[in-house]
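# Overview (structure and organization)
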Amino acid sequence: MQGKVDTYSARVPAHESLARPVFAQDIQNLLERLPDLQIIDIRESCDYARSHFTTARNIPMPDFAALSGEILRHPSTPYLLYCYSGYTASVYGSYLVEMGADNVYFFDESFEALMQVADPQSPN
């Protein structure tokens, strides 16, 4: 699989995917450029409850059918997927592109790298 050229930085993706890779240095630019960006945390719900990107929603990996259905129903809405290391988000991103979605980005770094550029939302 070959990644798309619409990336935000000159970095080489760590994970091959048909979806578009995004890196920590690109997050602010992406959020400004795509104000309707839907950020989806595909990690387990218990990990999401501990810490997550402030505006992210949790659709865990086992709920791929729900995730794909939502993304395919909203082709003009951009989606950014993130997981623990970037690998699973890259694989899911490729599956979604193969299903016809061209509105999918994936965070190609670790969750910890993502949290270094954002404040975690912690439950009380």
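Residues numbered from 1 in each chain as written. Predicted model: local features only at pLDDT ≥ 70, side-chain atom pairs only at ≥ 80, totals over all residues. Heavy atoms only, no water.

### Concerning the environment of T54
The condition is simple: In this text, helices come from DSSP runs of H or I with a minimum length of four residues, and strands from runs of E with a minimum of two, each type numbered from the N-terminal end. Each residue gets one of three labels from its accessible area relative to the maximum for its type: buried under 20%, exposed over 50%, partly exposed in between, using a 1.4 Å probe on protein chains only.
Tracing the sequence through the fold places T54 in the loop between α2 (45-50) and β3 (57-58). Look at T54 and you get partly exposed, because its relative accessible area is 38%. Each C-alpha atom of the pair T54 and I39 lies 9.3 Å from the other, and the pair is 15 residues apart in sequence.

### Overview of the pairing of strand β4 (residues 79-82)
Selection rule: In this scheme, strands are said to pair when DSSP sees at least two bridges between them. Convention used here: a crossover is right-handed provided that the path from the first strand, over the helix, to the second strand proceeds clockwise when the strands point away from the viewer.
Alternating positions in β4 separate into two faces, Y79 and L81 on one and L80 and Y82 on the other, with burial throughout. The sheet contact formed by strand β2 (residues 38-41) and β4 spans 4 bridges and is parallel. Among the inter-strand pairings, D41 is bridged to a residue of β4, identified as Y82. Following the backbone out of β4, through helix α4 (residues 87-98) and into the adjacent parallel strand β5 (residues 104-107), one traces a crossover that is right-handed.

### A closer look at the nonpolar core
The line we're drawing: Only buried residues count toward a nonpolar core, which is a set of Ala, Val, Leu, Ile, Met, Phe, Trp, Tyr and Cys residues joined through side-chain atoms within 4.5 Å. Contact between two residues is taken to exist if any of their heavy atoms lie within 4.5 Å; hydrogens are not considered.
Within the largest apolar cluster, 19 residues are counted, with the highest numbers of intra-cluster contacts made by I27, L30, I39, F53, L80, Y82 and F107. Only α1 (27-33), β4, β5 and α5 (111-116) provide two or more residues apiece to this core. With 4 residues, the top contributor of residues to this core is α5. The residues contacting F107, other than those within four sequence positions of it, are V22, F23, A24, I27, L80, L81, Y82, G86, A113 and L114.

### A closer look at helix α3 (residues 64-73)
Among all positions in α3, only F64, L67, S68, G69, E70 and I71 are buried. Summarising the contacts, the buried residues of α3 are in contact with β2, β3, β4, α4 and β5.

### Some remarks on the confidence of the model for the protein
As a reminder of what qualifies: The quantity known as pLDDT measures the predictor's confidence residue by residue, on a range of 0 to 100.
Taken residue by residue, the protein gives an average pLDDT of 88. The fraction at 70 or more is 85%. Of the regions scoring below 50 in pLDDT, residues 1-7 engages in 17 contacts with residues more than four places distant in sequence or in other chains.

### Some details on a nonpolar patch on the surface
Note the threshold: Exposure above 30% relative accessible area and no salt bridge define the residues that can form patches, which grow by joining like charges within 9 Å and nonpolar side chains of Val, Leu, Ile, Met, Phe, Trp and Tyr within 5 Å. The Shrake-Rupley method, run with a 1.4 Å probe, gives the accessible areas here. Residue values count only the displayed protein chains as cover. Basic side-chain nitrogens of Lys or Arg form a salt bridge, by our definition, when they fall within 4 Å of a carboxyl oxygen of Asp or Glu.
Taken together, the side chains of L72, Y95 and M99 define a hydrophobic patch exposed on the protein surface, amounting to about 270 Å² of accessible area. Along the polypeptide, M99 turns up in the loop between α4 and β5. Its relative accessible area of 41% is what places M99 among the partly exposed residues.

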